Structures are given as structure tokens and as C-alpha cells.
Amino acid sequence: MRIIPAIDIIDGKCVRLSKGDYDTKIIYNENPLEVAKSFEAHGIEYLHLVDLDGAKSSKIVNYKILEQIANQTSLKIDFGGGLKSDDDLRIAFESGANQITGGSIAVKNRAIFEKWISEYGSDKIILGADAKEEKIAVSGWLEDSNEDLIPFIQDYQTKGIQYVICTDIAKDGMLEGPSFDLYGKILEEAKGVKLIASGGISTFDELPKLAELGCEGTIIGKAIYEGRITLKQLENYILNK
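What counts and how
- Residues numbered from 1 in each chain as written.
- Predicted model: local features only at pLDDT ≥ 70, side-chain atom pairs only at ≥ 80, totals over all residues.
- Heavy atoms only, no water.
- Salt bridge = Lys/Arg side-chain N within 4 Å of Asp/Glu carboxyl O.
- Helix = DSSP H or I, 4+ residues; strand = E, 2+ residues; numbered from the N terminus.
- Buried < 20%, exposed > 50% of the residue type's maximum accessible area, 1.4 Å probe, protein only.
- Contact = heavy atoms within 4.5 Å.
- Pairing = 2+ DSSP bridges.
- Right-handed = clockwise from strand over helix to strand, strands pointing away.

Asks: Would you mind going over the pattern of salt bridges with me for this structure?
Replies: Any two side chains of opposite charge can pair, so long as their charged atoms come close to each other. The full count for this structure, using the stated rule, is 14 salt bridges. A salt bridge links aspartate 155 to arginine 110, with the shortest nitrogen-to-oxygen separation between them at 2.6 Å. In this pair, aspartate 155 is assigned in helix α7 (residues 149-158) and arginine 110 in helix α6 (residues 110-120), connecting sequence segments 45 residues apart. For aspartate 155, a relative accessible area of 27% gives the class partly exposed. Taking the shortest distance from any N to any O, the salt bridge between lysine 135 and aspartate 148 comes out at 2.9 Å. Residue lysine 135 is located in strand β8 (residues 135-138), and its partner aspartate 148 is located in strand β9 (residues 143-148); the two are separated by 13 residues in the primary sequence. Classification of lysine 135 as partly exposed rests on a relative accessible area of 32%. Residues joined by salt bridges that share partners form a network here, namely Asp86, Lys115 and Glu119.

Take a look at the structure:
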């Protein structure tokens, strides 16, 4: 299972929210590049970079930070937040993203998201399936939709999607543990999906459980920043896999 730390950006700073609520913002570091370099120094190869300003303004905003991290580390970056147009996508890839994550766009403009899958390939495009009570949520989780989570994933599998990041919003940033039952259900019903678990990771012991379930990767945010999971623990996990 891949270990994928998260850096969320607001105003160029590394922050975390709780349940996607911008009013709960905590700034953990003024310098995202410094954070990325500390991940890399502990043997981490992947990074989940989220442009929260972009998610709010529906267009890519913090691409310069993406470019900086891509140029000055060897991290493989998946980038999301506010990617709505072909131009946004072009900027993200030109700035050094290895993959992009599309969430709201996959609900609100299926035609363009499906075009991206066929143009860039399913190894480059990740479906962001963020859920609240098994319904898809969009626009930085500020809106609910009527889409049921698992049929939504299954439908996109027929369009070629392989990678899916699923965040249970109720768990995000709460440090109460991930949604094991939900992930188990997705893996059972959406056969063959490369599921990346996100939200609620709070202790190191949860990681082997997610791996056992069959998750392809896990995104860890606040647990790292709050010292619940150390980079040394992650380094050892990666080395001993």
C-alpha cells in the first residue's frame, strides 16, 4: 500500500481543515516546499497536493507551489482542487503533476472529465469520490449531490477509471479513524478499483488494516501534522513492506 502524505494549500501556506470547513483552518507551515522535502527525506515517494483556493474559486490557483515542489523534489504528485477546464489541466501537468484528481468536475461536467480520461489515460486521472453518508459531495464539500457513491464509482469504471480517492467527509481531519466498513464495501462492489483511502487516519496501527482490506494507497494529513503518526514510522513501514 502506498503512503501518500497530504499538503493542503490556502494562501500559499500548508493548512488542514476539519470536515472540509474553511473556518476550521489551522496553518501548520508557511512553506509547503519545506514540508514536501521533509517527506522526501523520510523515503516517501508520493504526495497528494490540494489547492483549496482553487477548489473555492473553481480554477487552478496555487500551481506555482506545485511547480516548486515538482522541480525541487522527486515526489510523484497528484494534484487536485478547482480543476475545471482543459486549460487548468494543461497548467497542472505542465507544472509537474504526475496525476490529477477530479471531484466536482466528475459530477458537474461528465463530458469533459470523460474526455480527460480518454486523452490523458487512466493512469493520469484519479476520480475524487468524496462522500457524506454515501452520497457524493462537491465544490470543496460545500454542496451535496444526489449521486450515490458506489454506483458513481462503478459508472466511471466503465469509462476507464482505475484510481479512486474516497474521503468520508464526516471523518476528515477528525482523527477518529478511517471508514473501514465503507472502504470494504467499495472494494467488494467496485471490483478491480485502485482505492486510495483518505480521511480520519489517526494512528499508525490503522495502516496495516487498510492494506489488509485491499486499499492501494492511503492519504495521511492531520495525523502527521499533529504528531500522531511520525515520519520515522512511515519510513520504517515503507522500508519493511
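Still more to cover.
Asks: Would you explain unusual backbone geometry in this entry?
Replies: Among all residues save glycine, negative phi is the norm, and among peptide bonds the norm is trans. Located in the positive-phi region is serine 58, a residue other than glycine, with phi close to 60 degrees. Relative to the elements of secondary structure, serine 58 occurs in the loop between α2 (52-57) and α3 (63-72). Even without a glycine there, the phi angle at glutamate 134 is positive, about 65 degrees. The topology assignment puts glutamate 134 in the loop between β7 (125-132) and β8.

Asks: Help me understand the side chain of arginine 2 in this model?
Replies: Position of arginine 2 relative to the elements: it lies in strand β1 (residues 2-10). We classify arginine 2 as buried; its relative accessible area is 14%. Non-local contacts of arginine 2, meaning those with residues more than four positions away in its chain, are made with Tyr46, Tyr163, Ile196, Glu216, Gly217, Thr218 and Lys241.

Asks: Looking at this structure, I do not really get the pairing of strand β6 (residues 99-102). What am I missing?
Replies: Note on strand geometry: in a regular strand, side chains alternate between the two faces of the sheet. The two faces of β6 match: Gln99 and Thr101 on one face and Ile100 and Gly102 on the other face are all buried. Pairing geometry for strand β5 (residues 76-80) and β6, over three bridges, is parallel. Its bridge partner lying in β6, glycine 80 is registered against threonine 101. The β-α-β motif built from β5, the intervening helix α4 (residues 86-94) and the parallel element β6 has right-handed crossover chirality.

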